[in-house]
Amino acid sequence: RRSKVLHSPAATIFDVVSDVANYQHFLPYITKSQIVTQSREFGNDGRRTFDARMAFGFKFLNDEFLSRVEVVPNRYVVAKCVESDSMENMTTLWTFTPRGEDQTEVILRVDMDIFDPLKAGVIAQFFSHMADAQMEAFEREIARRNEKMTSMA
């Protein structure tokens, strides 16, 4: 679990976190991120779902998996692994809570169960580092997009 208050509106942070198709361009360890089904919108809150095929690589660990992603604009993004050769379960939940003007508390929770006990042990040793690196990459991408928007204005 990671929690941080970022100096950015929830909408900007949400746009980056929900941009799964571009994860491969700015997230460490993600070597592939591709939307494989179109979004389906349902509900009055803008809720939509899509499937994404992703791959990660870290040291000798490599896996490709399919996740079902559900997003509610400016509130949360949740991804649940529905197909993987190495993971029994992986759920990633991002929540966004406004904390005043242009500040948002971001909480990241990841639950993961790995089939192979050896791989699970390696991931357990490096998980904190990997989560920190990913949070920092999201922060850099949010800052980059904020800077780009400011320069366009």
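Residues numbered from 1 in each chain as written. Predicted model: local features only at pLDDT ≥ 70, side-chain atom pairs only at ≥ 80, totals over all residues. Heavy atoms only, no water.

Draft legend 1. Region of interest: the packing of aromatic side chains. Under the definition given, this model contains six aromatic pairs. Centre to centre, the rings of Phe 26 and Phe 138 are 5.6 Å apart; their planes meet at 80 degrees, and the pair counts as edge-to-face. Taken together, the residues Phe 26 in helix H2 (residues 23–26) and Phe 138 in helix H3 (residues 117–152) connect sequence positions 112 residues apart. For Phe 26, a relative accessible area of 13% puts it in the buried group. Ring plane angle 55 degrees and centroid distance 6.2 Å describe the contact between Phe 56 and Phe 65, whose orientation is recorded as tilted. Residue Phe 56 shares its accessibility class with Phe 65, and that shared class is buried. Among the aromatic residues, those joined into a ring-pair cluster are Tyr 23, Phe 26, Trp 94 and Phe 138. (Phe/Tyr/Trp six-rings, centres within 6.5 Å; stacked < 30°, edge-to-face > 60°. Helix = DSSP H or I, 4+ residues; strand = E, 2+ residues; numbered from the N terminus. Buried < 20%, exposed > 50% of the residue type's maximum accessible area, 1.4 Å probe, protein only.)

Draft legend 2. Broad picture of the packing of helix H1 (residues 10–17) against H3. Close contact between H1 and H3 brings their axes to 10 Å; oriented N to C, the two are set at 120 degrees. One finds that H1 runs oblique with respect to H3. By crossing handedness, the relation of H1 to H3 is classed as right-handed. Touching Thr 12, Ile 13, Asp 15, Val 16 and Val 17 of H1 are Phe 138, Glu 141, Ile 142, Arg 145, Asn 146 and Met 149, all from H3. (Axes fitted to C-alpha atoms, helices over the stretch in contact; angles between N-to-C directions. Parallel < 35°, antiparallel > 145°, perpendicular 65-115°, else oblique. Left-handed = near helix turned anticlockwise from the far one by under 90°. Contact = heavy atoms within 4.5 Å.)

Remember, this is a structural readout, not a statement about activity or role.
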